[in-house]
Amino acid sequence: MDIKPTVHNQTINQGKTILVVEDSLTIRMQVKDLLEENNFKVILAENGEKCLEILETLIPYAILLDIIMPGIDGIEVCKKIKGDAKYESIPIIMLTAQGNTENKVKGLNAGADDYLTKPFEIEELLARLQAVLRTKTLYEELKSANHKIMEQQKSVIEEERLKVLLQMAGATAHELNQPLMILLGNIELMHVSMDEPD
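Bear in mind the structure is a predicted one, so any value in this text is a computation, not a measurement.

Caption draft 1: Layout of the packing of helix α2 (residues 48-55) against helix α3 (residues 74-82). Taken N-terminus to C-terminus, the directions of α2 and α3 make an angle of 20 degrees; their axes are 9 Å apart at the nearest point. By the angle between their axes, α2 is roughly parallel relative to α3. Crossing angle aside, the handedness with which α2 passes α3 is right-handed. Side by side, α2 and α3 meet where Gly-48, Cys-51, Leu-52 and Leu-55 of the first sit next to Val-77, Lys-80 and Ile-81 of the second.

Caption draft 2: Structural view of the pairing of strand β3 (residues 62-66). In terms of residue burial, β3 counts as a mostly covered element, since five of its five residues are buried. Residues Ala-62, Leu-64 and Asp-66 point to one face of β3 and Ile-63 and Leu-65 to the other, with burial holding for every one of them. Sheet topology places strand β1 (residues 17-21) next to β3; four bridges connect them, and they run parallel. Within the sheet, the bridge partner assigned to Val-20 lies in β3 and is Leu-64. With four bridges connecting them, β3 and strand β4 (residues 92-96) associate as parallel partners. Note on β4: the bridge partner recorded for Leu-65 is Met-94. In this fold, the crossover linking β3 to β4 by way of α3 has right-handed handedness.

So, how was this worked out
Residues numbered from 1 in each chain as written. Predicted model: local features only at pLDDT ≥ 70, side-chain atom pairs only at ≥ 80, totals over all residues. Heavy atoms only, no water. Axes fitted to C-alpha atoms, helices over the stretch in contact; angles between N-to-C directions. Helix = DSSP H or I, 4+ residues; strand = E, 2+ residues; numbered from the N terminus. Parallel < 35°, antiparallel > 145°, perpendicular 65-115°, else oblique. Left-handed = near helix turned anticlockwise from the far one by under 90°. Contact = heavy atoms within 4.5 Å. Buried < 20%, exposed > 50% of the residue type's maximum accessible area, 1.4 Å probe, protein only. Pairing = 2+ DSSP bridges. Right-handed = clockwise from strand over helix to strand, strands pointing away.

Right, dumping it as structure tokens:
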């Protein structure tokens, strides 16, 4: 992995936390420095277990996840993350030294959003990270818009329901009004006939 000049367009990255899960201390620190130079907040984990532990208290904006690590490998970690509704929308970029098709397919089938083979160019890492972040932003906007539409639908349905209930109440009152008027008329006739002397 070559360290190259920082790409400076990243007010967009300000405050976005990236979880870097990598067993190689050297790569972990290089990626951390690169991301921090580009205005990301960075959390580090040296293995899959630590990654899952961190997720219990923090939901990062994205995860860079090594595949081959001691303990739980990256494929299993990815499956666990994507299998949990709380975390499934977190973009994951798999990192590995093995660039064969089989590993790429395993990672993508486990739910990874992208795949990067080590050693990688910094520009490519940043470009892929920006791509998954754009996708996540669009997903969140779509989810928010969908929520608003559902709320509006509920409101419209409730308004229609109330209109129907008022119409039914009006129709029922009208239907009850006629027999009640007849009944009142009959009561008045009885009252008048009772008041008249025989």
